[in-house]
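Descriptive analysis of the structure
Single-letter residue listing:
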Amino acid sequence: MARTIINRVAFFTEPLASPGKGPNNGGHHSMSRRYQFVSLGRSSVPRMGIHMQQGRKEVSVDLSVEEAQLPKGDTWSVHKFGGTCVGNSQRIKNVASIIIKDPSERKLVVVSAMSKVTDMMYDLIHKAQSRDDSYVFAVDNVLEKHRSTALDLLEGNDLARFLSRLDTDINNLKAMLRAIYIAGHATESFTDFVVGHGELWSAQLLSFVIKKSGVECKWMDTRDVLIVNPTNSNQVDPDFAESENRLEKWYSQYPYKTVIATGFIASTPYNIPTTLKRDGSDFSAAIMGALLRARQVTIWTDVDGVYSADPRKVGEAVILKTLSYQEAWEMSYFGANVLHPRTIIPVRNYGIPIIIRNIFNLAAPGTMICHPADNELEDGQKLESFVKGFATIDNLALVNVEGTGMAGVPGTASAIFGAAKDVGANVIMISQASSEHSVCFAVPEKEVQAVEEALKKTFRRALDAGRLSPVQVIPNCSILAAVGQKMASTPGVSATLFDALAKASINVRAIAQGCSEYNITVVVKREDCIKALRAVHSRFYLSRTTIAMGIIGPGLIGSTLLEQLREQAAVLKEEFNIDLRVLGITGSRSMLLSDMGIDLSQWRKLLKDNGEAADLGKFVQHVHGNGFIPNTVLVDCTADSAVASHYYSWLCKGIHVITPNKKANSGPLDQYLKLRALQRQSYIHYFYEATVGAGLPIVSTLRGLLETGDKILRIEGIFSGTLSYIFNNFNGPRLFSGVVGEAKEQGYTEPDPRDDLSGTDVARKVIILARECGLKLELSDINVDSLVPKPLQASASADEFMQLLPKFDQDMSNKRKEAEAAGKVLRYVGVVDVSNRTGVVELRNYDNDHPFSQLSGSDNIIAFTTLRYSKQPLIVRGPGAGAEVTAGGIFSDILRLASYLGAPS
């Protein structure tokens, strides 16, 4: 209920001197005053006139006061805008727009000083107490910054009122700074009084801009409302009861629905101006939110929310949608850029959520800090959801105190930490063995020498007697903390954390875990900190199907694969949670390496500009030894037997291998059997679909038949896209040499067509399929009918071969005519006769209605005759040559690997 009192009064005011302030110090509005009231009778006309003089002030006021009760609860929304948000006139306009568009019934907005202003004010203090005359010019810079901003934003009476107030404040500041200059010293009260002016000016500017838009609002000097008690730790404790009383009184005089409040500043119970210290504006907003029982408190900043790790150190860090109050507190303590821990306390008591949002990206929803939802703790939850984030603290030293004299001796720990307290050291982390034989703790590196000396002094007798070992100091340490709701009680979280560190070759020097189950803390070498952070973050946050890839052989097929990866990478990541990262590309002469992933849109330029001498061992170590990507695959796009010889050692190291290179599977039988045995007894994958049919599913079809219990009788097919093209076009009057030349010109053949015509490539495919069927054959066991005339097999060059080939056209033309006369066509095929345990590659005749006769272009066709498919063979047909389809076959194997690793099907 509200009641109206209308009085006409005149009163005189005098400043009530505070410590360090005299009655003639400029009469700043925030000082306490004695009021002498003289009643002038009642009036129905609200009117206020103020006339101020130096020292004694005469004020004549007509005032109409609506004494309104302060409403509390969900009707209030609290916003806080930091210095960056109000850094210039345009940004202040943006803030005003956000406030005006907020649909909340009531809004309280806490603002910081304009960007850099608080630093400028501290610099004024420093210059003045250092008796540096330049403080006078520095004050003028502060004045000009706010004057120019006001000229951009305001006009008319509002501009005049603000500039008048600004000039008065600046004159008062100059007087105080002059006193500090003379004394050569600034008390804490003086300092707090000076530095708090930035918030006063930004609050007034914002309130005028909002009024200019037609929204009624009032600015609040929070030194009239927020009362805090200083502590011994350079912090303050809010007096909520007194602050609530003062807020209610303030609101009874100014019952506005939009209030612009100063952040950072407050008063002591004795009305002495003070500040809320570090992150004070955030704290102001939290306190105001608690006093108003607001629906929410929104902290506006220049980042999209709270990250799972420092994005400057971990490129894959993600914005967290929610954090519990405790999780936010833990991450803040360990250095994450969230909020100061004390900011969380006022709102947590009332369950008021804090939302961190980016003023420069309004589309980002931000991070909500609130009580955890019940469904976050249900059974069957993923590990990732229990570990919310990771934070680090650098520049620490580990102090270890140990000895047999510690076990079972009461007060030892107290003496250790008492010594640290006596020298003012901040103990960051403590770890103690259950045997009480040793205690180690981490302190800032700059404080460790004093701690070491204090411990030596405290335990001098025990050290001299040998009951304690010499105090051990381990410098250059960092702390890594994993934070998450109930994560410690979730089986597998700790194991996953330490497994990730182990695989990244990170040595853990100390471990601490609180029974609150909110964090696991480890101490590592400082130089290992970023690597450790990336390793654990990737294990919990990256998709299980994040794969580090190394591409060997960026030739025609390799470069085509890289292009396909570039085109599909975003889709695979967004829709299928498959994250493919090419960390290395190597040719025979040069290689390109990257820690986070090569930009595939410009890999050629990067390889040319930043490439280094090719070194296969270094290449493999880089791709596999990254330490923070859980899976590694090497893709061999060469036809090099030397590269294929490394497959076994790579599989032994846990590296998956995918290849179109036939050399390993068609090479010596003993090496092949050794390779397949290793593959079968491990969870490491070796895929080679593209070795036989390029992009056609030949090997997978054969495996499917065998694994489902079918018995293979015969495999027959046209396995060469090159030879398929040649014989599909070798008809009518055309000469064989002419068709071969055409195929060479169109890129169907190898640079030397003899590599295709010899039948060796088809023989390798036949031996691969034969071995898949269980036949223990060597390549030499395959009978091959070469299409290269014997006299030309020793030709010096491909050009010489092509020049001499027409001399042998008649022989091939005769074979074609014989086939045509019998109603048949010529086809070059490979056959695996499983029943007779043989293989052959030869030129055969097929009826015109046979499936092999119906081909066109460079298509391949393979027929599987099995017990199930004995009457009508199972046929696989399609393009069997070309970089696109071969690269597609390799890509298919990569996706099959991702599926095996857990990607959704």
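Before any of the text, the structure's been laid out above.
Description of the structure in this document. All values derive from a computational prediction rather than experimental measurement. (Residues numbered from 1 in each chain as written. Predicted model: local features only at pLDDT ≥ 70, side-chain atom pairs only at ≥ 80, totals over all residues. Heavy atoms only, no water.)

Let's shift gears to the overall build of the protein chain. Summing up its helical and strand segments, the protein chain has 32 helices and 35 strands in all. Looking at the protein chain residue by residue over its 905 residues, the buried ones come to 52%. A total of about 40,800 Å² of accessible surface is found on the protein chain, and carbon and sulfur atoms cover 49% of it. (Helix = DSSP H or I, 4+ residues; strand = E, 2+ residues; numbered from the N terminus. Buried < 20%, exposed > 50% of the residue type's maximum accessible area, 1.4 Å probe, protein only. Areas by Shrake-Rupley, 256 points an atom, 1.4 Å probe, with all protein chains shown as cover.)

Time to look at the environment of His 537. Inspection of the secondary structure assignment puts His 537 in helix H16 (residues 529–541). A sequence separation of 221 residues divides His 537 from Glu 316, and the C-alpha atoms of the two residues are 8.3 Å apart. Here His 537 is in contact with Ser 308, Ala 309, Val 314, Glu 316, Ala 317, Val 318, Phe 390 and Leu 542, once residues within four sequence places are set aside. Engagement of the side chain of His 537 in a polar contact is seen with the side chain of Ser 308, the distance being 2.6 Å. (Contact = heavy atoms within 4.5 Å. Polar contact = N/O pair within 3.5 Å; in protein donor to acceptor, adjacent residues only side chain to side chain.)

It is worth spelling out helix H1 (residues 89–101) at this point. Its 13 residues place the ends of H1 19 Å apart at the C-alpha level, agreeing with the 18 Å of an ideal helix rising 1.5 Å per residue. Among all positions in H1, only Ser 89, Ile 92, Val 95, Ala 96, Ile 98 and Ile 99 are buried. One side-chain oxygen of the residue at the start of H1 lies 3.1 Å from the amide nitrogen of Gln 90, identifying that residue as Asn 88. (Expected span 1.5 Å × (residues − 1).)

Applying the stated rule across the entire model yields 39 salt bridges. A salt bridge links Lys 72 to Glu 248, with the shortest nitrogen-to-oxygen separation between them at 3.3 Å. One end of the pair, Lys 72, is in the loop between strand S4 (57–67) and strand S5 (76–81); the other, Glu 248, is in helix H7 (residues 240–253), and 176 residues separate them in sequence. For Lys 72, a relative accessible area of 31% corresponds to the partly exposed category. (Salt bridge = Lys/Arg side-chain N within 4 Å of Asp/Glu carboxyl O.)

Strand order across the open sheet formed by 6 strands is S18-S19-S17-S20-S22-S21, with antiparallel pairing between neighbours. Strands at the two margins of the open sheet, each flanked by one partner only, are strand S18 (429–432) and strand S21 (510–513). Ignoring strand direction, the axes of neighbouring strands in this sheet form an average angle of 30 degrees. Pairing analysis gives 9 bridges linking strand S17 (residues 389–402) to strand S20 (residues 472–483), with the strands arranged antiparallel. Across the sheet, residue Phe 390 finds its bridge partner in S20, namely Ala 482. Along the sheet, helix H9 (residues 325–333) makes contact with S17, S20 and strand S22 (519–525), crossing S17 at roughly 60 degrees. (Pairing = 2+ DSSP bridges. Axes fitted to C-alpha atoms, helices over the stretch in contact; angles between N-to-C directions.)

Attention shifts here to the pairing of S22. For S22, a buried count of 6 out of 7 residues is recorded, marking the element as mostly surrounded by other parts of the structure. Bridging between S20 and S22 involves 7 bridges; their strand directions are antiparallel. Within the sheet, the bridge partner assigned to Ile 479 lies in S22 and is Val 523. In this structure, S21 lies alongside S22, joined through 4 bridges in antiparallel fashion. Paired with Gln 513 across the two strands is Ile 520, which belongs to S22.

Moving on, we get to the sheet that holds strand S6 (residues 106–111). The strand order across the open sheet formed by 8 strands is S7-S10-S6-S5-S13-S15-S16-S14, and the pairing between neighbours is mixed. Single-partner strands in this sheet number two, and they are strand S7 (218–220) and strand S14 (322–324). Pairs of neighbouring strands in the sheet enclose a mean axial angle of 20 degrees, with direction left out of account. Here strand S13 (residues 296–301) runs beside strand S15 (residues 354–358); their pairing, made up of 5 bridges, is parallel. Looking at S15, one finds that Ile 299 is bridged to Ile 356.

Before going further, it helps to examine the pairing of strand S34 (residues 859–866). The element S34 is largely enclosed, with a buried count of 8 among its 8 residues. Residues Asp 859, Ile 861, Ala 863 and Thr 865 line one face of S34 and the alternating positions Asn 860, Ile 862, Phe 864 and Thr 866 line the opposite face, and both faces are buried. Pairing geometry for strand S30 (residues 712–718) and S34, over 6 bridges, is antiparallel. Residue pairing in the sheet places Arg 714 in a bridge with Thr 865 of S34. Sheet topology note: the S34/strand S35 (residues 874–879) ladder contains 6 bridges and is antiparallel.

With that out of the way, let us pick up helix H31 (residues 809–821). The end-to-end C-alpha distance of H31 is 18 Å, a good match for the 18 Å that 13 residues give at a rise of 1.5 Å each. Taken residue by residue, H31 has Asp 809, Met 812, Ser 813, Arg 816 and Ala 819 as its buried positions. Projection of H31 onto a plane perpendicular to its axis shows the buried side chains occupying an angular sector of 120 degrees, all on one side. Pointing more than 90 degrees away from the buried face of H31 are the exposed residues Glu 818 and Ala 821. Close packing links the buried residues of H31 with helix H26 (721–729), helix H27 (736–745), strand S32 (824–833) and strand S33 (838–847). The first or second residue beyond H31 is Gly 823, which carries a positive phi of 75 degrees. (Arc of directions from axis to C-beta.)

The subject of this paragraph is the side chain of Thr 392. Looking at where Thr 392 falls in the secondary structure, it is placed in strand S17. In this structure the side chain of Thr 392 is engaged in a polar contact, spanning 3.1 Å, whose partner is the side chain of Lys 313.

Another aspect to go through is the environment of Ile 479. In this structure, Ile 479 sits in strand S20. Put simply, Ile 479 and Phe 334 are 145 residues apart on the chain and 8.1 Å apart in space, counted from C-alpha to C-alpha. Not counting residues up to four positions away in its chain, the partners in contact with Ile 479 are Phe 334, Ala 391, Thr 392, Ile 393, Leu 396, Ile 428, Met 429, Ala 442, Thr 521, Val 522 and Val 523.

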